[in-house]
Amino acid sequence: KEGLTISLQCQGVLVVMSAAGVQTQRIIEQVHDNLALSGGPGMTTVSRLDLPASGVLVMALGSQGSTSANYVLAQFAGRLAIKSYHCLCSGNVLGSIGSKAVRSAFLSIVQRDDTKRAFVSTVAGQEAVTLLRVKAHYQLAGPDGTQDGSFTFAE
């Protein structure tokens, strides 16, 4: 189906590629339907992607509470699983090339209809920690040759 590519399936873990702009819920439903049609085990969602992001979604092959689900969920809860993002940031330079920073925020998850959304909260929620490394800086020149914008490529 569109937007569904299985990257890895082994020992109770399923890793699915997601294109940018594809809702995580849609992929979860596709995987669930495919497993049900093939008589496969249930699945437990372990990770999600923001709508504009592309990347991998990790799922456990087994229903909530199964050994495989508990094992994979524990890897994420214990911060033993690492997600890596690459992004081009506009605005102020985030630091010198090679510099590292840590940013943290609380995420509040709100369920609306069949979808969940995460929002940055100043008071409560699940802590999200981001480790940032500056890879490069770019300057965009305007039509008249003057500096028009500053960009940082970060991982």
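Refer to the structure presented above.
Residues numbered from 1 in each chain as written. Predicted model: local features only at pLDDT ≥ 70, side-chain atom pairs only at ≥ 80, totals over all residues. Heavy atoms only, no water.

**Considerations on the layout of surface pockets**
- Here the largest pocket is characterised by a volume of approximately 2400 Å³.
- Together, 50 residues line the largest pocket, and Arg 48, Lys 83, Tyr 85, Leu 107 and Ala 128 are the ones closest to its centre.
- When residues of the lining of the largest pocket are traced back to their parent elements, those giving at least two are helix H1 (24-38), strand E3 (43-45), strand E4 (55-61), helix H2 (67-77), strand E5 (87-90), strand E6 (100-112), strand E7 (115-121) and strand E8 (126-141).
- With eight residues, E8 is the largest single contributor of residues to the lining of the largest pocket. (1 Å grid on protein atoms, 1.4 Å probe; cavity = no way out; pocket = protein on both sides within 12 Å on 5 of 7 lines; lining within 4 Å. Points joined across faces, edges and corners; volume = space filled by probe spheres on them. Helix = DSSP H or I, 4+ residues; strand = E, 2+ residues; numbered from the N terminus.)

**Describing H1**
- Taking 1.5 Å of rise per residue, 15 residues should cover 21 Å, and H1 covers 21 Å from first to last C-alpha, within 8% of that figure.
- For H1, the full list of buried residues reads Thr 24, Ile 27, Ile 28, Gln 30, Val 31 and Leu 35. Each buried residue of H1 lies within a common arc of 160° when the element is viewed along its axis, so the set occupies one face. For H1, the exposed residues lying more than 90 degrees away from the buried face are Ala 36 and Leu 37.
- Check the buried side of H1 and you find it contacts strand E2 (13-18), E3 and E4.
- Positive phi shows up at Gly 39, right after H1, with a value of about 75°. (Expected span 1.5 Å × (residues − 1). Buried < 20%, exposed > 50% of the residue type's maximum accessible area, 1.4 Å probe, protein only. Arc of directions from axis to C-beta. Contact = heavy atoms within 4.5 Å.)

**Points about the side chain of Ser 150**
- Position of Ser 150 among the secondary structure elements: in strand E9 (residues 147-154).
- Of note is the side chain of Ser 150, whose polar atom sits 3.1 Å from the side chain of Gln 139.
- Apart from the residues within four sequence positions on either side, Ser 150 is in contact with Cys 89, Ser 90, Gly 91, Val 93, Tyr 138 and Gln 139. (Polar contact = N/O pair within 3.5 Å; in protein donor to acceptor, adjacent residues only side chain to side chain.)

**Side note on the nonpolar core**
- Core analysis: the largest hydrophobic core is formed by 13 residues, its most contacted members being Leu 14, Val 16, Ile 27, Val 31, Met 43 and Met 59.
- Elements represented by at least two residues in this core include exactly E2, H1 and E4.
- Core analysis: the second largest hydrophobic core is formed by seven residues, Val 46, Val 58, Ala 60 and Ala 69 among them. (Core = buried A, V, L, I, M, F, W, Y, C linked by side-chain atoms within 4.5 Å.)

**Describing the pattern of salt bridges**
- Scanning the entire structure with this criterion turns up two salt bridges.
- A salt bridge links Glu 155 to Arg 133, with the shortest nitrogen-to-oxygen separation between them at 2.1 Å. Of this pair, Glu 155 sits in the segment after E9 while Arg 133 sits in strand E8, and the two are 22 residues apart along the sequence.
- Among the salt bridges present, the one from Glu 155 reaches Lys 135, with a minimum N-O distance of 4.0 Å. Of this pair, Glu 155 sits in the segment after E9 while Lys 135 sits in strand E8; the two residues are 20 residues apart in sequence, bridging distant segments of the chain. (Salt bridge = Lys/Arg side-chain N within 4 Å of Asp/Glu carboxyl O.)

**A look at the pairing of strand E1 (residues 5-10)**
- Looking at chain direction, E1 and E2 are connected through five bridges and run antiparallel. For Leu 8, the partnering residue across the bridge sits in E2 and is Val 15.
- Between E1 and E2, which pair antiparallel in sequence order, lie two residues; one of them, Gln 11, sits at a positive phi of approximately 35°. (Pairing = 2+ DSSP bridges.)

**Points about the state of the cysteines**
- By the definition in use, this model includes zero disulfides.
- With no disulfide of its own, Cys 89 has Cys 87 as its nearest cysteine by sulfur position, at a separation of 3.4 Å. (Disulfide = S-S within 2.5 Å.)

**Quick notes on the pairing of E4**
- Most of E4 sits inside the fold, with six of its seven residues counted as buried.
- One ladder, built from three bridges, connects E3 with E4; its direction is antiparallel. In the sheet register, Thr 45 faces E4, and the bridge partner there is Met 59.

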